[in-house]
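Each chain, written out:
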There are 2 protein chains.
Amino acid sequence: MSKQIITISREFGSGGRSVGHRVAGLLNVPYYDKELVKQVAVETGFDEKFIEQEGEYASPWQSLLSYAFAGGGGVRQHMNGLSTADFLWVIQCRVILDLAEKGPCVIVGRCADYILREREDVLNVFIHAPISFRADRVVRLYGESDVTPEKRLEEKDKRRRAYYKHYADREWGMSQNYHLSLDSSLVGIERCAQLILDVARNPERGPSAL
Amino acid sequence: MSKQIITISREFGSGGRSVGHRVAGLLNVPYYDKELVKQVAVETGFDEKFIEQEGEYASPWQSLLSYAFAGGGGVRQHMNGLSTADFLWVIQCRVILDLAEKGPCVIVGRCADYILREREDVLNVFIHAPISFRADRVVRLYGESDVTPEKRLEEKDKRRRAYYKHYADREWGMSQNYHLSLDSSLVGIERCAQLILDVARNPERGPSAL
């Protein structure tokens, strides 16, 4: 069965989003990233910026705290006692399952690999790169900030790892969770995209692969 | 810099050795696997079968026990108080560093990715596949045994993971330790080999990759 849905998980600054965008362009299918976030925002009535941050980075501790101390809000009446982060997780799962049902697409981030684990037509990809490489790239793309780029990367990766562990109960970046894990600094955006395209269109079938 | 040395780590039954063999053939460079084991055996005077098992699978607990209870032997006078497993590790490191120094090659297993971590000309690959796929393959290649193939695979993987953790202090199979991690059941032996060849010969250089 060819792979209709491609999920891309990535280390911050590794170029995973660029890979996803390129693959979607080559396949001429929808690309979901911030668009997905917007859709979640519409469904929940939350502020888009807030969802963008909470939807992938919220630490379990933060969500416990926010659950304990948050005041009431218009949307909280729909949350059935869930923490903000848990509520967003449920909505996010539903949106991603619906998107996959609609047809071929590329989804970047948002634990889509885990959320779609029951489907047979999904190709899961992890894009990573050495921290020195990502640091150079982040500064080039986003400019300097108060903290060193290495510190920013470590913090982002740490939060993604914790979020993935909390909701998927898996190790973020563990090879076995993905069909392809690629070091973008060595493979390059274009070769990553071409490989994903080739494997998605022509996966090996059964023992003939070996 | 092109990648002269290719290390292949693999889940048992995933076809990683076949990939390594194919890559070595395509590149026309030496392939080290059991050959490496033989060379270690010659240097240490240990029985080859013993080294083959201990050299990659020995659990730290087993080696502690063998250290505590082992009787004297011809080779033990050279071990300087190291456990058998630690002694083999030291020899193995030396052999692998020497082999890499000699020139281009493919090395399968034996924590070569970690042992050669200081070199810039090494491409590290991890080959894996779903357990159901590996179980079918193991039975096809090696026949039935007293325990289920799934049980055999889990046991082998567990020991490799523990060995790698003990000596490399890293998580076995974590994407970030390899340039390419590939699901052989989907990518197939031949496509794995061709990709490795292509990336080894034409690695991206610096920021142009992204």
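A. Representation of the overall build of chain A in the model. When its secondary structure is counted, chain A shows ten helices and five strands. Counting only residues that meet the buried cut, chain A has 54% of its 210 residues in that class. Surface summary for chain A: the accessible area is close to 9700 Å², and the carbon and sulfur share equals 51%.

B. Here's a closer look at the interface of chain B and chain A. Taken residue by residue, the interface counts 39 residues in chain B and 39 residues in chain A. Taking both partners together, chain B and chain A bury about 3100 Å²; carbon and sulfur atoms supply 60% of that area. On inspection of chain B and its partner chain A, the count reaches two salt bridges. The partner of D198(A) in a salt bridge is R191(B), with the nearest N and O atoms 3.0 Å apart. At the junction of chain B with chain A, the criterion picks out 17 residue pairs in polar contact (both at pLDDT 80 or more). Every element with two or more residues in the side of chain B that touches chain A is listed here: β4 (122–128), α7 (131–142), β5 (180–183), α9 (184–187) and α10 (189–201) of chain B. Tallying contributions element by element places α10(B) first for the side of chain B that touches chain A, with five residues.

C. A look at the packing of helix α1 (residues 16–27) of chain B against α10(B). All names here are of chain B. In contact at an axis separation of 9 Å, α1 and α10 are set at 50° when each is read in the N-to-C sense. Classed by the angle they form, the pair α1 and α10 counts as oblique. Judged by the twist between their axes, the crossing of α1 over α10 is right-handed. Across the interface between the two elements, S18, V19, R22, V23, L26 and L27 from α1 touch I189, E190, C192, A193, Q194, I196, L197 and R201 from α10. Of the residues assigned to the contact of α1 with α10, the class counts are nine nonpolar, two polar and three charged.

D. Representation of the sheet that holds β4(B). Strand order in the open sheet formed by ten strands is β2(A)-β3(A)-β1(A)-β4(A)-β5(A)-β5(B)-β4(B)-β1(B)-β3(B)-β2(B), with mixed pairing between adjacent strands. Each of the sheet's edge strands pairs with one partner strand only, and the pair in question is β2 (31–32) of chain A together with β2 (31–32) of chain B. As defined by bridge partners, strand β5 (residues 180–183) of chain A adjoins β5(B) across three bridges and the pair is classed as antiparallel. Residue pairing in the sheet places L182(A) in a bridge with L180(B) of β5(B).

E. Quick look at unusual backbone geometry. One non-glycine residue, N28(A), lies in positive phi territory at about 55°. With respect to the helices, strands and loops of the structure, N28(A) is situated in the loop between α1 (16–27) and β2. Non-glycine residue R110(B) carries a positive phi angle of around 65°. Its place among the elements puts R110(B) in the loop between β3 (105–108) and α6 (112–115).

F. A look at the packing of aromatic side chains. All names here are of chain A. Considering all chains together, one arrives at 14 aromatic pairs over all chains under this definition. Taken together, a centroid distance of 4.7 Å and an interplanar angle of 20° make the contact between W89 and Y167 stacked. Linking W89 in helix α5 (residues 84–102) with Y167 in helix α8 (residues 149–168), this pair joins segments that are 78 residues apart in sequence. A residue is classified by how much of its surface remains accessible, and W89, at 11% relative accessible area, is buried. Grouping aromatic residues by their ring pairs yields a cluster made of W89, Y114, Y163 and Y167. Directly above the ring of F12 sits K156, whose terminal nitrogen or CZ lies 4.6 Å from the centroid.

G. Broad picture of the relation of the copies chain B and chain A. Placing chain B over chain A gives an RMSD of 0.0 Å and needs a rotation angle of 180°, together with 0.0 Å of translation along the axis. In symmetry terms, the pair is related by a two-fold rotation axis. Taken together, the interface assignments show that 100% of the residues at the interface of chain B recur at the interface of chain A, consistent with an identical surface on both copies.

What counts and what doesn't
- Residues numbered from 1 in each chain as written.
- Chains lettered and ligands numbered in written order.
- Predicted model: local features only at pLDDT ≥ 70, side-chain atom pairs only at ≥ 80, totals over all residues.
- Heavy atoms only, no water.
- Helix = DSSP H or I, 4+ residues; strand = E, 2+ residues; numbered from the N terminus.
- Buried < 20%, exposed > 50% of the residue type's maximum accessible area, 1.4 Å probe, protein only.
- Areas by Shrake-Rupley, 256 points an atom, 1.4 Å probe, with all protein chains shown as cover.
- Contact = heavy atoms within 4.5 Å.
- Buried area = accessible area lost by both parts, 1.4 Å probe.
- Salt bridge = Lys/Arg side-chain N within 4 Å of Asp/Glu carboxyl O.
- Polar contact = N/O pair within 3.5 Å; in protein donor to acceptor, adjacent residues only side chain to side chain.
- Axes fitted to C-alpha atoms, helices over the stretch in contact; angles between N-to-C directions.
- Parallel < 35°, antiparallel > 145°, perpendicular 65-115°, else oblique.
- Left-handed = near helix turned anticlockwise from the far one by under 90°.
- Nonpolar A, V, L, I, M, F, W, Y, C, P; charged D, E, K, R; others polar.
- Pairing = 2+ DSSP bridges.
- Phe/Tyr/Trp six-rings, centres within 6.5 Å; stacked < 30°, edge-to-face > 60°.
- Lys NZ or Arg CZ within 6 Å of the ring centre and 35° of its normal.
- Least-squares fit on C-alpha atoms with pLDDT ≥ 70 in both.

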